[in-house]
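Topology and contacts: notes
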Amino acid sequence: MEIVIETPNSPRKRKGANWEKYGWMYMRISGAVLIVLIFGHLIVNLWDKGVGAIDFAFVAGKWTNPFWQVWDVLMLWLALIHGTNGMRTITNDYAEKEWVRKTLNITLWVVCGALIILGTLVATTFDPCIDPNAVNYLPTVCK
Amino acid sequence: MSAEATTPVIAEVPSFAVTLMVRRYNPEVDSEPKWQDYDLTMYGTDRVLDALHKIKWEVDGSLSFRRSCAHGVCGSDAMRINGRNRLACKTLIKDLDLSQPIYVEPIKGLEVEKDLIVDMNPFYQAYRDIKPFLIASDKPEKERIQSAADRERFDDTTKCILCAACTTSCPVFWTDGQYFGPAAIVNAHRFIFDSRDEAAEVRLDILNDKEGVWRCRTTFNCTEACPRGIQVTRAIAEVKQAVLRGRA
Ligand code: HEM
Ligand code: SF4
Ligand code: FES
């Protein structure tokens, strides 16, 4: 006699491409890089004179240097994709209805993409000497 | 020596009053579960299972729960006691905080059928899905020799009694509901790292699923819950590493 173990309803059937392994690796690799980028960012911006020293000239001055442009764009991409992928994980945890899950996840990635495009545009096309009449507010390179 | 001198003085086992709050649910009558309190006199040697027996046998015979061995071997009586998953038969009442009632609920994340009994089918299905049996191509004509070191490699995960304490302590399992869960991964680990088994890649592929090992967020609830002291989170991490390598 053949013994057949009947299969009770098993709901594990989410289809489609499976990138979970790469998502898991990305969270760790980006996390490790972000530790350097974020703490470097905080130290450079705040260490000496505190938050009061950050003004237009400070930020504009930093972005005249390609080093800080690359630093900030890298931080933008890594952190936004990292944060969005983390939120996607949480959505997958809590969304019970498939359409809710899909809608939230698509919204997350659209917002992430828009922020990445805008942020990259700003950091790479930034004109530090934007208003020649307001010399006092501009970085020293404009004077 | 006189007879009196050797007569051992047996001290009375200390007894104490305790209130048990049990999460009761009868699907034929109740629309949802409710707490019911029971005042009992218990002894220092009693476990939560003894208290449940006392209720069932002396107070209310309708109380339903699973138990079989009563000695931490069969894995039938995992339940949520004071908010933590434990075996009722391995939890001494005197070790709990007796200044307040003891709360006993069914394990979370599986459908409650009656009182402390849950539907274990989804749990067993995840177990079946990882092929929990030796897969070897040679005929079993003689003993399959294994070195002590090779046996040691997966020793920890052989101790599982499938009580479901780990899986039902996992917040991802509570909310997601489709996640394979720690117990299935522990039992996959038991074969993936067995030198006699030949299907490690098959199981690693199964657990690379969307609802597989990557759902684990390393909260350690499972390790804390396991009544067998299995390093569950560690086993899951080892399986993750094996998936990344593509082999055990
Ligand atoms: C400081 C450097 C950072 C490190 C080392 C780091 C590391 C990690 C790791 C390893 C995970 C995966 C956890 C898991 O799978 O169990 C994670 C999840 C997450 N991270 Fe980061 N992260 C960092 C910065 C950030 C930033 C800047 C954001 C926000 C933009 C962020 C948002 C998230 C979110 C939303 C999750 C998902 C949480 C969850 O799974 O419940 N992280 N992080
Ligand atoms: S790993 Fe531990 S907690 Fe999980 S089912 Fe096995 S014995 Fe129970
Ligand atoms: S009754 Fe068997 S483990 Fe508790």
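Computed from a predicted structure; not experimentally measured. (Residues numbered from 1 in each chain as written. Chains lettered and ligands numbered in written order. Predicted model: local features only at pLDDT ≥ 70, side-chain atom pairs only at ≥ 80, totals over all residues. Heavy atoms only, no water.)

What follows is about the site of ligand 1. Around ligand 1, the structure places 13 residues, and the nearest of them are Arg28, Gly31, His82 and Gly86 of chain A together with Arg217 of chain B. The residues that come close to ligand 1 belong to more than one chain, namely chains A and B. The side chain of Arg28 of chain A places a nitrogen or oxygen atom 3.2 Å from an oxygen atom of ligand 1. Here an oxygen atom of ligand 1 and a side-chain polar atom of Arg217 of chain B are 2.8 Å apart. When contributions to the shell around ligand 1 are tallied by element, the ones reaching two or more residues are α1 (20-46) and α3 (66-94) of chain A. (Near = heavy atom within 4 Å. Polar contact = N/O pair within 3.5 Å; in protein donor to acceptor, adjacent residues only side chain to side chain. Helix = DSSP H or I, 4+ residues; strand = E, 2+ residues; numbered from the N terminus.)

Residue and element names in this part refer to chain B. The biggest cluster of nonpolar side chains holds 69 residues, and the ones touching the most others in it are Leu20, Leu52, Leu207 and Val239. Structurally, this core is a two-domain feature, drawing no fewer than three residues from each of domain 1 (15-118) and domain 2 (121-245). Not counting residues within four places of it along the chain, the set of residues in contact with Leu52 comprises Leu20, Val22, Leu63, Phe65, Met79, Ala88 and Leu116. (Core = buried A, V, L, I, M, F, W, Y, C linked by side-chain atoms within 4.5 Å. Buried < 20%, exposed > 50% of the residue type's maximum accessible area, 1.4 Å probe, protein only. Domains from an automatic or database assignment. Contact = heavy atoms within 4.5 Å.)

By nearness alone, 13 residues border ligand 2, and Cys160, Cys163, Ala164, Cys166 and Cys226 of chain B come closest of all. Among the residues making up the shell around ligand 2, the classes are represented as 12 nonpolar, no polar and 1 charged. (Nonpolar A, V, L, I, M, F, W, Y, C, P; charged D, E, K, R; others polar.)

Turning our eyes to something else, we now look at unusual backbone geometry. Residue and element names in this part refer to chain B. Non-glycine residue Lys131 carries a positive phi angle of around 55°. Looking at the secondary structure, you find Lys131 in the loop between α3 (121-129) and α4 (148-153). Since its relative accessible area comes to 31%, Lys131 is described here as partly exposed. Of note, Ala164 is a non-glycine position whose phi angle comes to about 80°, a positive value. With respect to the helices, strands and loops of the structure, Ala164 is situated in the loop between α4 and α5 (171-176). Judged by relative accessible area, Ala164 falls into the buried class, the value being 1%.

All names here are of chain A. Here helix α4 (residues 98-125) contains 28 residues, and its C-alpha end-to-end distance of 40 Å stays within 8% of the 40 Å for a straight helix at 1.5 Å per residue. Regarding α4, the residues found buried are Arg101, Asn105, Cys112, Ile116, Thr120 and Ala123. In this structure, the buried residues of α4 make contact with α3. (Expected span 1.5 Å × (residues − 1).)

Turning our attention to the pairing of strand β5 (residues 102-105) of chain B. Residues and elements named next belong to chain B. Pairing of strand β1 (residues 15-24) with β5 involves 3 bridges; the strand directions are parallel. Bridge pairing links Leu20 to Ile102 in β5. Summarising the sheet, strand β3 (residues 78-81) and β5 pair through 2 bridges and their orientation is antiparallel. Counterpart to Arg80 in the pairing with β5 is Glu105. (Pairing = 2+ DSSP bridges.)

Turning our attention to the domain arrangement of chain B. Residue and element names in this part refer to chain B. Assigned domains of chain B: these are domain 1 (15-118) and domain 2 (121-245). Spacing between the C-alpha centres of domain 1 and domain 2 amounts to 29 Å. For the domain 1 face of the interface with domain 2, the top three residues by lost area are Asn85, Lys108 and Leu110, together amounting to 42%. Summed over the shared surface of domain 1 and domain 2, the number is 0 salt bridges. (Buried area = accessible area lost by both parts, 1.4 Å probe. Salt bridge = Lys/Arg side-chain N within 4 Å of Asp/Glu carboxyl O.)

Put plainly, two cysteines are in a disulfide when a covalent bond ties their sulfur atoms together. The full count for this structure, using the stated rule, is 1 disulfide over all chains. Each sulfur in the disulfide pair Cys129 of chain A and Cys142 of chain A lies 2.0 Å from the other. Note on the Cys129 of chain A and Cys142 of chain A pair: the S-S dihedral is about -85°, so by sign convention the disulfide is left-handed. Highlighted residues: Cys129 of chain A in the segment after α4 and Cys142 of chain A in the segment after α4, separated in sequence by 13 residues. Judged by its relative accessible area of 30%, Cys129 of chain A falls in the partly exposed class. Of all cysteine sulfurs in the structure, the one in Cys166 of chain B sits closest to Cys222 of chain B, which takes part in no disulfide; the separation is 6.4 Å. Among the residues examined, Cys222 of chain B registers a relative accessible area of 8% and is labelled buried. (Disulfide = S-S within 2.5 Å.)

Moving on to the environment of Ala51 of chain B. Considering the arrangement of structural elements, one finds Ala51 of chain B in helix α2 (residues 48-59). If near-sequence neighbours (up to four positions away) are discounted, Ala51 of chain B is found in contact with Leu20, Leu40, Met42 and Ile93 of chain B.

Residues and elements named next belong to chain A. Judged by side-chain polarity, Ile35, Val36, Ile38, Phe39, Leu42, Ile43, Leu46, Trp47, Val51, Ile54 and Val59 come together as a nonpolar surface patch covering roughly 1,000 Å² of accessible area. By residue number, the principal contributor to the nonpolar patch is α1, which donates 7 residues. By the secondary structure assignment, Leu46 is in helix α1. With relative accessibility at 32%, the residue Leu46 sits in the partly exposed group. (Patch = residues over 30% accessible without salt bridge, like charges linked within 9 Å, V, L, I, M, F, W, Y side chains within 5 Å. Areas by Shrake-Rupley, 256 points an atom, 1.4 Å probe, with all protein chains shown as cover.)

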